Amino acid sequence: QGEALNAYTQELQEVAQALSRRGISLVVQAPLPDWKHLPHECQPEWFRTAIALPKSCKLSAASESARRLSILTAFQQAAATSDNLYVFDPFSVFCHSKNCSPFSDEGVPLFKDDDHLNNYGAEALYPDFAEFLRQHALIAVADLEDEPIR
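The structure presented is a predicted model; accordingly, all values stated were derived computationally and were not measured. (Residues numbered from 1 in each chain as written. Predicted model: local features only at pLDDT ≥ 70, side-chain atom pairs only at ≥ 80, totals over all residues. Heavy atoms only, no water.)

**Thoughts on the side chain of glutamine 13**
Argument step 1. Positionally, glutamine 13 belongs in helix α1 (residues 2–21).
Argument step 2. With a relative accessible area of 18%, glutamine 13 lands in the buried category.
Argument step 3. At 2.9 Å, the side chain of glutamine 13 forms a polar contact with the side chain of threonine 81. (Helix = DSSP H or I, 4+ residues; strand = E, 2+ residues; numbered from the N terminus. Buried < 20%, exposed > 50% of the residue type's maximum accessible area, 1.4 Å probe, protein only. Polar contact = N/O pair within 3.5 Å; in protein donor to acceptor, adjacent residues only side chain to side chain.)

**A short note on α1**
Structurally, the α-helix is built with 3.6 residues per turn, so residues lying three or four positions apart point the same way.
Argument step 1. With 20 residues, α1 extends 29 Å between its outermost C-alpha atoms, agreeing within 8% with the 28 Å of an ideal straight helix rising 1.5 Å per residue.
Argument step 2. For α1, the set of buried residues is Leu5, Thr9, Leu12, Gln13 and Ala16. Buried positions in α1, seen along its axis, are confined to an arc of 100° and lie on one side of it. In α1, the exposed residues that point more than 90 degrees away from the buried face are Glu3, Ala4 and Arg21.
Argument step 3. Tucked into the core, α1 has its buried residues touching β1 (26–29), α2 (61–80) and β3 (85–88).
Argument step 4. Following α1 by one or two positions, glycine 23 adopts a phi angle in the positive range, close to 75°. (Expected span 1.5 Å × (residues − 1). Arc of directions from axis to C-beta. Contact = heavy atoms within 4.5 Å.)

**Re the confidence of the model for the chain**
Argument step 1. Per-residue pLDDT for the chain has a mean of 88; in total, 87% of the residues score no lower than 70.
Argument step 2. Within the chain, the element-level pLDDT minimum falls on strand β2 (residues 59–60), averaging 88, and the maximum on β3, averaging 98. (pLDDT = per-residue confidence, 0-100.)

Written as structure tokens, this is what we have:
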């Protein structure tokens, strides 16, 4: 992962520099949790009770944080050398104190597969992402409404 990550980070910095010359900012997203199963495989059903779900359906927040640390660090270092490169980290939306879950608190799946958000997942991310854009002055407060576009 080290050599590939270094190459990716270098390319990321080059893209950011090219965009900077045009007055354009670049936002990259830090890695999402790495689910071991598709969300529907981790959802209790009449034929698959909660006790029968694979233990890997719930990920440890600590292990996921450690897994993605090198990538997040590389992104943050690249951003530190660019005035137009920003790193959005959605980790807290999916990972709480001890566990990560591909479901909302209401049990709604947030991913359509093992690593792509569905519409509900995008909506769950919206408040944090909108606030991120505001904090970094990438969008004016008046440009965003409180609710995502449907």
